[in-house]
Amino acid sequence: METALTRLTGVRYPLVQTGMGWVAGPRLVSATANAGALGILASATMTVDRLREAVREVKSRTDAPFGVNLRADASDAGDRVRVIVEEGVKVASFALAPSAELVAELKAAGVVVIPTVGARRHAEKVAGWGADAVIVQGGEGGGHTGEVATTVLLPQVVDAVRIPVVAAGGFFDGRGLVAALAYGAAGVAMGTRFLLTSDSTVPDAVKARYLAATVRDVTVTRAVDGLPHRMLRTELVDSLERSGRTTALLRAVRHAAAFRRLSGLSWPRMLRDGRALRHGKDLTWSQVLLAANTPMLLRASMVEGRTDLGVMASGQVAGVIDDLPSCAELVDRTMTEAAQIMGALSAGSASMRG
Ligand SMILES: Cc1cc2nc3c(=O)[nH]c(=O)nc-3n(C[C@H](O)[C@H](O)[C@H](O)COP(=O)(O)O)c2cc1C
């Protein structure tokens, strides 16, 4: 199936596996790429050296195009962009808004730039900077998320910008793909659905928690890092929401120290990143410190399998997903279902005309 997204990125199918911290590593990304969809490596939870290694690992497993997700507000974003350019990565994806300078640098090097946005004005802004396409994430999506549902945000953004729009938040099958195309999208991007595949390295005990979840078990909380964050409701989330400011701050300081060791960032660099995170937002320093919670709490579940100590970021779709296909099976059945539905729809409209 050819759309503006497949033409832009060179992938076979208009499906994207999004960048998810600790989840979207070389194994998942190369399995996605080999299945004909666009896999995106999550780099915010990697050091710059580890990112280069991970990119090379993907390249050793597939010749298909893939992408790297990064945070424009990280103080080493420039180093990460250099890795993307030097290693010939096809697509750069941004969590949060990129900067005009980084977009220009990537585009000058021939990299396709696809930021993720959660609001129409952000889509208009990045389109003005020359982004090649946008992923628009509705409020039902996993991880940091907004309030507006995909069914409202998607047509709003499609009408507002002239670049291809990829729909995210709540997609898991061929029906969703056809619906997104009907809204004018060029494809769909899925996070939770790709996390729940046999190719994902997330520990089995954690996958089991997602599979057991109902739609009502997925919640949005600010208790982890001060920002609205969609995840599975667990005892940890309940206790974070109950704990006072001091306990939360102490915990955040501990996690900040641990993340600093893992990410290889120095304290001055982390403080610079913190200042960038505050910029233009109404965040206090304690909220910035709390933000250091996220990578560590996500790691505890996604890498260490601690369902009791970790945060399990999740879209509402976890409540309707109950299996673990391989990426190849997932892509194949999504495309087959979409083709059947489009065939049935056009047969239906032909018989209505007749
Ligand atoms: C476990 C998990 C981790 C995530 N980490 C990131 C991240 O590091 N960067 C990012 O841009 N988005 C991240 N997200 C958001 C996803 O990239 C994607 O936009 C979202 O999952 C789409 O909604 P869906 O889960 O309904 O498919 C994460 C989502 C999940 C479920």
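Not measured: the values here are computed from a predicted model.

(A) Main features of the sheet that holds strand S10 (residues 218-221). Taken in spatial order, the 3 strands of this open sheet run S7-S11-S10, and their pairing is antiparallel. Edge positions in the open sheet fall to strand S7 (143-144) and S10, since each of these has one partner strand only. Where S10 lies against strand S11 (residues 229-232), 4 bridges are found, and the strand directions are antiparallel. Within S11, the position partnered with Thr-221 by the bridge is His-229.

(B) Highlighting unusual backbone geometry. Look at Trp-22: it is not a glycine, yet its phi comes out positive at around 70°. Mapped onto the fold, Trp-22 is located in the loop between strand S1 (15-17) and helix H2 (26-34).

(C) Up close: the pairing of strand S3 (residues 67-71). Burial analysis of S3 places 4 of its 5 residues in the buried class, the great majority of the element. Here 3 bridges tie strand S2 (residues 38-42) to S3, and the two strands are oriented parallel to one another. Along S3, the bridge assignment pairs Ile-40 with Gly-67. In this structure, S3 lies alongside strand S4 (residues 91-95), joined through 5 bridges in parallel fashion. Paired with Val-68 across the bridge in S4 is Ala-92. Regarding the hand of the β-α-β motif, the stretch spanning S3, helix H4 (residues 77-86) and S4 is right-handed.

(D) Quick peek at the sheet that holds S1. Pairing within the closed barrel is parallel, and its 8 strands lie in the order S1-S2-S3-S4-S5-S6-S8-S9. Sheet twist, expressed as the average angle between the axes of neighbouring strands with direction ignored, equals 25°. Lying on the sheet, H2 is in contact with S1 and S2; it crosses S2 at an angle near 170°.

(E) Seen up close, empty space enclosed by the protein. The tally for this structure, following the rule as stated, stands at 1 cavity of 30 Å³ or more. The volume enclosed by the largest cavity comes to roughly 30 Å³. If you trace the largest cavity, you find it lined by Leu-5, Val-16, Leu-38, Ile-40, Val-91, Ser-93, Ile-114, Ile-135 and Val-166. Where the lining of the largest cavity is concerned, the elements lending two or more residues are S2 and S4. Within the lining of the largest cavity, the residues separate by chemical class into 8 nonpolar, 1 polar and no charged.

(F) Geometry of the side chain of Ser-43. Mapped onto the elements of the fold, Ser-43 is located in the loop between S2 and helix H3 (48-61). From its side chain, Ser-43 meets the backbone oxygen of Asn-69 in a polar contact 3.0 Å long. In this structure, Ser-43 is in contact with Leu-51, Val-68, Asn-69, Leu-70 and Arg-80, ignoring residues within four places of it in sequence.

(G) Seen up close, the packing of aromatic side chains. Following the criterion strictly, the structure yields 0 aromatic pairs and no others. The residue whose ring lies beneath Arg-299 is Trp-22, and the NZ or CZ to ring-centre distance is 5.3 Å.

(H) The arrangement of the side chain of Gln-137 in detail. On the secondary structure map, Gln-137 appears in strand S6 (residues 134-137). The class of Gln-137 is buried, set by a relative accessible area of 17%. Looking at Gln-137, its side chain comes within polar contact range of the main-chain oxygen of His-144, at 3.5 Å. In terms of polar contacts, Gln-137 uses its side chain to reach the side chain of Thr-145, at 3.2 Å.

(I) Expanded view of the pattern of salt bridges. Across all of its chains, the model carries 19 salt bridges by this definition. The partner of Arg-82 in a salt bridge is Asp-79, and the shortest N-O contact between them spans 3.2 Å. Here Asp-79 and Arg-82 lie together in helix H4, a separation of 3 residues that amounts to about one turn. What makes Arg-82 partly exposed here is its relative accessible area of 41%. A residue is classified by how much of its surface remains accessible, and Asp-79, at 28% relative accessible area, is partly exposed. Note that Asp-173 and Arg-175 form a salt bridge whose closest N and O atoms lie 2.8 Å from each other.

(J) Quick look at the site of the ligand. The local shell around the ligand holds 20 residues, among which Thr-18, Gln-137, Gly-170, Gly-191 and Thr-192 are the closest. Gly-191 places a main-chain nitrogen or oxygen 2.8 Å from an oxygen atom of the ligand. Contacts to the ligand include Thr-192, whose side-chain N or O atom sits 2.6 Å from an oxygen atom. Burial of the ligand by the surrounding chains reaches 90%, relative to a free accessible area of 610 Å². Class assignment of the residues belonging to the shell around the ligand gives a composition of 6 nonpolar, 14 polar and no charged. Viewed by domain, the shell around the ligand spans two of them, domain 1 (4-201 + 324-353) and domain 2 (213-316), each represented by three or more residues.

Conventions used here
- Chains are numbered independently. Their residues run from 1 in the order of the written sequence.
- This being a predicted model, a pLDDT of at least 70 is required before a residue's local features are given, and a value of 80 or more before pairs of side-chain atoms are given or counted; all residues contribute to the totals for chains, interfaces and linings.
- Side-chain metrics in this entry use all non-hydrogen atoms of the structure; hydrogen atoms and water are not considered.
- Strands qualify as paired when DSSP identifies two bridges or more between them.
- Secondary structure elements follow DSSP: runs of H or I of four or more residues count as helices, runs of E of two or more count as strands, with numbering from the N terminus.
- A simple rule labels every residue: compare its accessible area, found with a 1.4 Å probe on the protein chains alone, to the largest value its type can have, and call it buried under 20%, exposed over 50%, or partly exposed in between.
- Orient the strands so they point away from the viewer; a crossover is then right-handed if the path from the first strand over the helix to the second runs clockwise.
- Think of each axis as a best-fit line through the C-alpha atoms, taken over the contacting stretch in the case of a helix, with angles from 0 to 180 degrees between the N-to-C directions.
- The contact criterion used is simple: two residues touch if any of their non-hydrogen atoms lie within 4.5 Å.
- Here a cavity denotes a set of grid points, spaced 1 Å apart and computed over the protein atoms alone, in which a 1.4 Å probe fits but from which it cannot get out, and a pocket denotes an open set meeting protein on both sides within 12 Å along at least five of seven lines; residues with an atom within 4 Å of a point are reported as lining.
- Grid points are joined across faces, edges and corners, and a volume is the space filled by probe spheres set on the points.
- Amino acid classes used here: Ala, Val, Leu, Ile, Met, Phe, Trp, Tyr, Cys and Pro are nonpolar; Asp, Glu, Lys and Arg are charged; the rest, including Gly, are polar.
- By the criterion applied in these results, polar contacts are pairs of N or O atoms within 3.5 Å in which, for protein atoms, one can donate a hydrogen and the other can accept it, and in which residues neighboring in sequence qualify only through two side-chain atoms.
- Two aromatic rings from Phe, Tyr or Trp, using only the six-membered ring of Trp, form a pair when their centres are within 6.5 Å; if the ring planes differ by under 30 degrees the pair is stacked, by over 60 it is edge-to-face, and anything between is tilted.
- Either the NZ atom of lysine or the CZ atom of arginine qualifies as a charge over a ring when it sits within 6 Å of the ring centre and within 35 degrees of the ring normal.
- One side-chain nitrogen of Lys or Arg within 4 Å of one carboxyl oxygen of Asp or Glu is enough to make a salt bridge.
- One heavy atom within 4 Å of a molecule or strand is enough for the residue carrying it to be called near that molecule or strand.
- All accessible areas in this document rest on Shrake-Rupley with a 1.4 Å probe, and a residue is counted as covered only by the protein chains that are shown.
- Residue ranges for the domains originate in an automatic or database domain assignment.

Fair warning: the whole summary comes from geometry, so function is off the table for now.
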